[in-house]
Amino acid sequence: ACCAEEAPLPKRRPFAIVGLAVFGYARYIQARSFREERSAGLAAAARGDWARARDHCARALRLRADPELARLEGRCRKRLAVIDAHGPLDLLIRDTRPFFYSGGIDIGKKLSIIEVALEALERLMSDPDNEDFVPGWRSLGMGWFFVGDGARAEDHFRRALRFAPGDGPVSFHLSRLLLESSMDLMYEF
């Protein structure tokens with residue numbers, strides 16, 4: 001009985017072990033890549049680099065679902081939409097400026113085109129994710145100031161100052177607007 005034939009030991013499958021090791025390493029690399037993309041996205045958003053933040057968040061979300069990153073990616077997309085709307089508005093204002101000094105041109109028609117662009121930008125800025133986006137409020141204030149709607153310009157400049165009290169261009173344009181308003185009141189009396 002002591003020398004009875006023993007049951008053979010099961011053969012080890014080296015391929016299964018190697019497969020598990022490769023799988024574990026791949027999961028480790030995926031987790032590390034997720035952490036790197038996530039932290040790069042958060043850092044880019046903190047710097048205000050919305051395009052990079054959006055790209056890093058998108059890459060991280062392809063690796064793993066994360067509600068915080070999904071919200072940040074959506075916010076980046078909305079900020080970039082505001083920035084994209086600002087470019088054509090700025091060009092419209094620059095192209096319209098010389099017509100103030102030319103005779104025989106319907107300046108009201110030119111200004112109405114700018115007003116349409118400003119209203120589109122206002123719709124983008126009404127999104128709660130853009131509430132604290134100072135460049136958008138600054139653009140709206142400067143646009144309405146250019147068109148001649150001082151009340152709307154002042155409102156947008158004050159919103160920008162609420163989130164960035166030390167913003168020089170906003171302070172300059174708001175003080176210029178208020179000075180012109182006070183001069184108009186002074187000349188009425």
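Reference entry: report on the structure contained in this document. (Residues numbered from 1 in each chain as written. Predicted model: local features only at pLDDT ≥ 70, side-chain atom pairs only at ≥ 80, totals over all residues. Heavy atoms only, no water.)

On to the overall build of the chain. Looking only at helices and strands, the chain has seven helices and zero strands in total. Listing the helices and strands of the chain from first to last along the sequence gives α-α-α-α-α-α-α. Put simply, of all contacts in the chain between residues at least 6 apart along the chain, 52% involve residues at least 24 apart. When the accessible surface of the chain is totalled, it reaches about 12600 Å², and 59% of it is carbon and sulfur. (Helix = DSSP H or I, 4+ residues; strand = E, 2+ residues; numbered from the N terminus. Contact = heavy atoms within 4.5 Å. Areas by Shrake-Rupley, 256 points an atom, 1.4 Å probe, with all protein chains shown as cover.)

It is at 11 Å that the axes of helix H3 (residues 67-96) and helix H5 (residues 134-147) come closest, and there the two elements cross at 25 degrees. Comparing the axis directions of H3 and H5 gives the class roughly parallel. Considering how the two elements wind past one another, H3 and H5 form a crossing that is left-handed. Contact residues: H3 offers Val82, His86, Leu89, Ile93 and Thr96, while H5 offers Gly136, Ser139, Gly143 and Phe146. Residue classes in the contact of H3 with H5 are distributed as four nonpolar, five polar and no charged. (Axes fitted to C-alpha atoms, helices over the stretch in contact; angles between N-to-C directions. Parallel < 35°, antiparallel > 145°, perpendicular 65-115°, else oblique. Left-handed = near helix turned anticlockwise from the far one by under 90°. Nonpolar A, V, L, I, M, F, W, Y, C, P; charged D, E, K, R; others polar.)

Looking at soluble globular proteins, one finds that nonpolar side chains tend to be buried together. Within the largest apolar cluster, 35 residues are counted, with the highest numbers of intra-cluster contacts made by Ile114, Leu118, Met125, Leu140 and Phe157. Contacts of Met125, omitting those with residues within four sequence positions, involve Val82, Asn130, Phe133, Gly136, Trp137 and Leu140. (Core = buried A, V, L, I, M, F, W, Y, C linked by side-chain atoms within 4.5 Å. Buried < 20%, exposed > 50% of the residue type's maximum accessible area, 1.4 Å probe, protein only.)

On to the side chain of Glu122. Residue placement: Glu122 occurs in helix H4 (residues 107-125). For Glu122, a relative accessible area of 17% gives the class buried.

For H5, spanning 14 residues, the distance from its first C-alpha to its last is 20 Å, which sits close to the expected 20 Å at 1.5 Å a residue. Burial analysis of H5 places 11 of its 14 residues in the buried class, which makes it a mostly covered element. Regarding H5, the residues found buried are Val134, Gly136, Trp137, Ser139, Leu140, Gly141, Gly143, Trp144, Phe145, Phe146 and Val147. Next to the buried residues of H5 lie H3, H4, helix H6 (150-163) and helix H7 (168-188). (Expected span 1.5 Å × (residues − 1).)

The description of two aromatic rings rests on the distance between their centres and on the angle between their planes. All chains considered together, the criterion is met by one aromatic pair. The interplanar angle of 80 degrees and the centroid separation of 6.2 Å between the aromatic rings of Trp50 and Phe133 together place this pair among those described as edge-to-face. In this pair, Trp50 sits in helix H2 (residues 50-63) while Phe133 sits in the loop between H4 and H5, placing the two residues 83 residues apart along the sequence. Seen from the ring of Phe34, Arg64 lies directly overhead, with NZ or CZ sitting 4.2 Å from the centre. Over the ring of Trp144 we find Arg152, and its NZ or CZ is 3.9 Å from the ring centre. (Phe/Tyr/Trp six-rings, centres within 6.5 Å; stacked < 30°, edge-to-face > 60°. Lys NZ or Arg CZ within 6 Å of the ring centre and 35° of its normal.)

What follows deals with the side chain of Asp66. Mapped onto the elements, Asp66 comes out in the loop between H2 and H3. Side-chain polar atoms of Asp66 contact the side chain of Arg38, separated by 3.2 Å. At 3.0 Å, the side chain of Asp66 forms a polar contact with the backbone nitrogen of Glu68. Apart from the residues within four sequence positions on either side, Asp66 is in contact with Phe34, Arg38 and Leu61. (Polar contact = N/O pair within 3.5 Å; in protein donor to acceptor, adjacent residues only side chain to side chain.)

Let's shift gears to the packing of H3 against H4. Packing of H3 against H4 leaves a shortest axis separation of 10 Å and a crossing angle of 165 degrees. Relative to H4, the element H3 lies roughly antiparallel. For the pair H3 and H4, the sense of crossing is left-handed. On the side of H3, the interface is formed by Ala81, Val82, Ala85, Leu89, Leu92, Ile93 and Thr96, while H4 contributes Ile107, Lys110, Leu111, Ile113, Ile114, Ala117, Leu118, Leu121, Leu124 and Met125.

A cluster of nonpolar side chains, Leu179, Met183, Met186 and Tyr187, forms an exposed patch at the surface whose accessible area comes to about 450 Å². For Tyr187, the position within the fold is in helix H7. What makes Tyr187 exposed here is its relative accessible area of 62%. (Patch = residues over 30% accessible without salt bridge, like charges linked within 9 Å, V, L, I, M, F, W, Y side chains within 5 Å. Salt bridge = Lys/Arg side-chain N within 4 Å of Asp/Glu carboxyl O.)

Bear in mind that shape data such as this cannot, by itself, settle questions of function.
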